[in-house]
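Chains, contacts and geometry: an overview
Single-letter residue listing:
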Amino acid sequence: MFGKYRKQKRIELDINTIFKEILNHTAIIILSGISTACMFIIITQLFITPVYESKAKLFVLSRNSSKMVTSSDMESSSSLVLDYIELIQSRRVLERVISDLNLHMTHEELRSLIQIVSTNDTRIIIITVTTEDPYLSADIANEICNAFSVTVQEVMGIEPIHVIEAAEISIYSSSPSLKWNGLIGGVIGILLSSAVIILFRIIDTGIKNRNDVNHYLGLELLGSIPLSQSKKERI
């Protein structure tokens, strides 16, 4: 029982020692975090190409009468949302966009730049285009709306789709995020520096004080001989 208590006490002492080492090297850990964060920010700015998003919003409304909107019109419009999402991504619409904007890409490459979603319980479709050029992202998003409206009239013979929000040129990149990458770098720097400090403390089994004599050798210290002032100066 005494041996088990002694072992648990040693483990507790080791954990306390580790925390003390971290506290004693707080300045180094913080400096490592700041340095790593700055390094991540510099790498992000120099080596990662930013991308820009532009969004356009469409309102789906199928009217039986041009003068007023009925509940049946609203219900039929809701059922058309999923059909319209598929039609926007169709080859016919995308190739029209490529032709109108003179893009040098296939319809499959263009489709990979587009994300289309519908807001829950609404008849609003959101078209998001992501490219490395903010002007191109806005142009593609707006041209998709135009090409889709024309295609709907040709295929289904209904009135043009209503664009409730045209795509605008984005000033700020959507990815990568300097703040987020800097935060990740700071956390990594803090964790790595703490791990190195803990590792060196674990592998360092040298005798540094009277407590280490009992801890590592299991012996009781009977006394100590102080160094003279002349020996301290030479040390």
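Quick note: structure is the one above.
The structure contained in this document is the topic of the report that follows. (Residues numbered from 1 in each chain as written. Predicted model: local features only at pLDDT ≥ 70, side-chain atom pairs only at ≥ 80, totals over all residues. Heavy atoms only, no water.)

This paragraph deals with the overall build of the protein. For the protein, the helix and strand inventory stands at nine helices and four strands. Ordering the α and β elements of the protein from the N terminus gives α-α-β-α-α-α-β-β-α-β-α-α-α. Here the protein, with 235 residues, has 29% of them falling under the buried criterion. By sequence separation, contacts in the protein at least 24 residues apart represent 69% of the contacts at least 6 residues apart. A total accessible area of about 16100 Å² is found for the protein, and carbon and sulfur atoms account for 59% of it. (Helix = DSSP H or I, 4+ residues; strand = E, 2+ residues; numbered from the N terminus. Buried < 20%, exposed > 50% of the residue type's maximum accessible area, 1.4 Å probe, protein only. Contact = heavy atoms within 4.5 Å. Areas by Shrake-Rupley, 256 points an atom, 1.4 Å probe, with all protein chains shown as cover.)

The subject of this paragraph is the pattern of salt bridges. The final tally for this structure, using the stated rule, is three salt bridges. Here Glu95 ties to Arg91 by a salt bridge, and the two come within 2.7 Å at their closest N and O atoms. One end of the pair is Glu95 and the other is Arg91, both in helix 4 (residues 91-101) and four residues apart, which spans about a single turn. The closest approach of N and O atoms between Arg96 and Glu154, which form a salt bridge, is 3.0 Å. Of this pair, Arg96 sits in helix 4 while Glu154 is found in helix 6 (residues 134-156), placing the two residues 58 residues apart along the sequence. Several salt bridges converge on common partners, so that one network encompasses Arg92, Arg96 and Glu154. (Salt bridge = Lys/Arg side-chain N within 4 Å of Asp/Glu carboxyl O.)

What follows is about a nonpolar patch on the surface. Together, Trp180, Leu183, Ile184, Val187, Ile188, Leu191 and Leu192 make up a nonpolar patch on the protein surface, roughly 670 Å² of accessible area in all. Within the element layout of this structure, Leu192 appears in helix 7 (residues 178-203). Of the residues examined, Leu192 reaches a relative accessible area of 55% and is grouped as exposed. (Patch = residues over 30% accessible without salt bridge, like charges linked within 9 Å, V, L, I, M, F, W, Y side chains within 5 Å.)

What follows covers the packing of aromatic side chains. Inspection of the entire model under this criterion finds one aromatic pair. Each ring, one from Tyr84 and one from Phe148, has its centre 5.3 Å from the other, and the planes form 75°; the classification is edge-to-face. Of this pair, Tyr84 sits in helix 3 (residues 71-88) while Phe148 sits in helix 6, and the two are 64 residues apart along the sequence. By the burial criterion, Tyr84 is buried, and Phe148 matches it. (Phe/Tyr/Trp six-rings, centres within 6.5 Å; stacked < 30°, edge-to-face > 60°.)

Here the focus is the nonpolar core. Within the largest apolar cluster, 30 residues are counted, with the highest numbers of intra-cluster contacts made by Ile125, Ile127 and Phe148. For this core, the secondary structure elements donating two or more residues are strand 1 (52-59), helix 3, helix 4, strand 2 (114-118), strand 3 (124-131) and helix 6. At eight residues, the largest contribution of residues to this core is made by helix 6. (Core = buried A, V, L, I, M, F, W, Y, C linked by side-chain atoms within 4.5 Å.)

On to unusual backbone geometry. A cis amide bond links Ser175 with the next residue in sequence, Pro176, at an omega value of -5°. Along the chain, Pro176 turns up in the loop between strand 4 (162-165) and helix 7. Unusually for a residue other than glycine, Asn102 sits at a positive phi of about 55°. On the secondary structure map, Asn102 appears in the loop between helix 4 and helix 5 (107-111).

On the basis of which strands lie adjacent, the open sheet formed by four strands has the order 2-3-1-4 and antiparallel pairing. Lying at the two open borders of the sheet, with one neighbouring strand each, are strand 2 and strand 4. Strand-to-strand twist in this sheet, taken as the mean axis angle between neighbours without regard to direction, amounts to 30°. Note that strand 2 and strand 3 share five bridges and pair antiparallel. Note that in strand 3 the partner of Ile116 across the bridge is Ile127. (Pairing = 2+ DSSP bridges. Axes fitted to C-alpha atoms, helices over the stretch in contact; angles between N-to-C directions.)

So, about helix 4. Of all the residues in helix 4, the buried ones are Val93, Leu94, Val97 and Ile98. Down the axis of helix 4, the buried set is contained in an arc of 135°. They therefore lie on one face. Pointing more than 90 degrees away from the buried face of helix 4 are the exposed residues Arg91 and Ser99. Looking at the residues trailing helix 4, positive phi occurs at Asn102, about 55°. (Arc of directions from axis to C-beta.)

Turning next to helix 6. Its 23 residues place the ends of helix 6 33 Å apart at the C-alpha level, agreeing with the 33 Å of an ideal helix rising 1.5 Å per residue. For helix 6, the N-terminal capping position is held by Asp133, with its side-chain oxygen 3.0 Å away from the main-chain nitrogen of Tyr135. Immediately beyond the C-terminal end of helix 6, within one or two residues, lies Gly157, with a positive phi of roughly 65°. (Expected span 1.5 Å × (residues − 1). Polar contact = N/O pair within 3.5 Å; in protein donor to acceptor, adjacent residues only side chain to side chain.)

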